[in-house]
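Each chain is listed here by its residues.
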Amino acid sequence: MNPAPRMTVRAAAVEVARRLAEAGHVAFFAGGCVRDHLLGSEPEDYDIATDARPERIQAVFPKARGVGEAFGVMLVRAAGHTFEVATFREDGPYHDGRRPAAVTFADAEADASRRDFTVNGLFQDPQTGAVVDYVKGQDDIAARCIRAIGDPHERIAEDRLRMLRAVRFAARLGFAIDPATSAAVRAHSGELRSVSPERVGDEVRRMLAHPARARAAQLVEAHALDGAIFGVGVDGAGGAHPRLAGLPSDAAWTTALAAWWLDRAAAGGAGQVPGTDAAEAARVVSGLRSRLVLSNDETEALLACLAARRAQLGGFESLTLARRKRWMAAPGFDAALAILETEDRA
């Protein structure tokens, strides 16, 4: 007998919400899963927001695990899937530019108002499909706009990483950034250097792993956020990125990072071929490792890609067959070849 098919992630999320509703609570899908559903794509995960306090969530789901009870967040397993179930809340003052000093459990409207961007401030009733919108997020989805909820300066002061998140969402969704939000990001761009490099690195990984990576890089530079990544910004509003844009959609994020650096070096290199100096490449990678907290494997992948590209540009065809075979079998060769194809297919 064939086993029963596994419940989809959405069906499992509906079941979690249904059990909370049967226990007398409001339970909505929240944030990005609602946005993606409205945009016609299937969300990869579902967050659930509810008026149930953590102890009530635990009563309904005895095996639930607390991962932030002070913030009202519990992990609930259902049909092989894990969901964050969070109590509606409003945040107290932020003192560290990352998280509130305290939270107060509240209602759905207050919970929506504390979130970052209007497109992420939507709720949906899992049972009826009705969208609950306190922040005009549906209007901004229709207008293809990333807009901070409330005062953009306050949203950025609460969590400075939101500046990079605005760029990532705009690039990934193909949206524009609202002028007031964009101006606030530029005004506070220098403060991104105060965000922990681990968090900056995570955002950069997500940006560069997505096919819209060249648009993301352009927006990063246009908003003067690139100094926190590369140690120094570039003048202008973010130019073309032919290497980054030309990579295959499934290119590794480290290959994309190498291509981004080469695009920047070419733009300021007075016609010189960028990335051909081994000492400079090692220095750049060392800086990236520190600012993005690269793992050993990521650092080695980046160095190997740049080394293989130098070999490809340095008379590869004149090498003996044995040496060419060794290079072709070496780590980083395929990544370097993908970059080289964007520069000179011949």
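If you're wondering where the values come from, they're calculated on a predicted model, not measured in any experiment.

Draft legend 1. Highlighting the environment of Ala 304. Relative to the helices and strands, Ala 304 is located in helix H15 (residues 296-313). You can call Ala 304 buried: its relative accessible area is 17%. For the pair Ala 304 and Glu 22, spaced 282 residues apart in sequence, the C-alpha separation works out to 56 Å. Excluding residues that lie within four positions of it along the chain, Ala 304 makes contacts with Pro 331 and Gly 332.

Draft legend 2. Representation of the packing of aromatic side chains in the model. Under the defined criterion, the tally for this structure stands at six aromatic pairs. Taking the centre distance of 4.9 Å and the plane angle of 55° together, the rings of Phe 29 and Tyr 46 count as tilted. Of this pair, Phe 29 sits in strand S1 (residues 27-30) while Tyr 46 sits in the loop between helix H2 (32-38) and strand S2 (47-50); the two residues are 17 residues apart in sequence, bridging distant segments of the chain. Classification of Phe 29 as buried rests on a relative accessible area of 0%.

Draft legend 3. Highlighting unusual backbone geometry. A positive phi angle, close to 50°, is found at Ala 79, a residue other than glycine. Here Ala 79 shows up in the loop between strand S4 (73-78) and strand S5 (81-87). Even without being glycine, Arg 144 reaches a positive phi, approximately 55°. Looking at the secondary structure, you find Arg 144 in the loop between helix H5 (137-143) and strand S10 (145-146). Owing to a relative accessible area of 40%, Arg 144 belongs among the partly exposed residues under this scheme.

Draft legend 4. A look at the pairing of S5. Counting buried residues along S5, five of its seven residues qualify, which places the element largely inside the surrounding structure. Pairing of S2 with S5, which is carried by four bridges, proceeds in the parallel orientation. Among the inter-strand pairings, Thr 50 is bridged to a residue of S5, identified as Thr 87. Connecting the antiparallel pair S4 and S5 is a turn made up of two residues, with Ala 79 showing a positive phi of about 50°.

Draft legend 5. Highlighting the packing of helix H13 (residues 253-267) against H15. In contact at an axis separation of 9 Å, H13 and H15 are set at 55° when each is read in the N-to-C sense. In terms of orientation, H13 lies oblique with respect to H15. You can see that H13 and H15 cross each other, and the crossing is right-handed. When H13 is examined against H15, the residues Trp 253, Thr 254, Leu 257, Ala 258, Trp 261 and Leu 262 are found in contact with a partner set consisting of Glu 298, Ala 301, Leu 302, Cys 305, Leu 306 and Arg 309. For the contact of H13 with H15, a count of residues per class yields nine nonpolar, one polar and two charged.

Rules used throughout
Residues numbered from 1 in each chain as written. Predicted model: local features only at pLDDT ≥ 70, side-chain atom pairs only at ≥ 80, totals over all residues. Heavy atoms only, no water. Helix = DSSP H or I, 4+ residues; strand = E, 2+ residues; numbered from the N terminus. Buried < 20%, exposed > 50% of the residue type's maximum accessible area, 1.4 Å probe, protein only. Contact = heavy atoms within 4.5 Å. Phe/Tyr/Trp six-rings, centres within 6.5 Å; stacked < 30°, edge-to-face > 60°. Pairing = 2+ DSSP bridges. Axes fitted to C-alpha atoms, helices over the stretch in contact; angles between N-to-C directions. Parallel < 35°, antiparallel > 145°, perpendicular 65-115°, else oblique. Left-handed = near helix turned anticlockwise from the far one by under 90°. Nonpolar A, V, L, I, M, F, W, Y, C, P; charged D, E, K, R; others polar.

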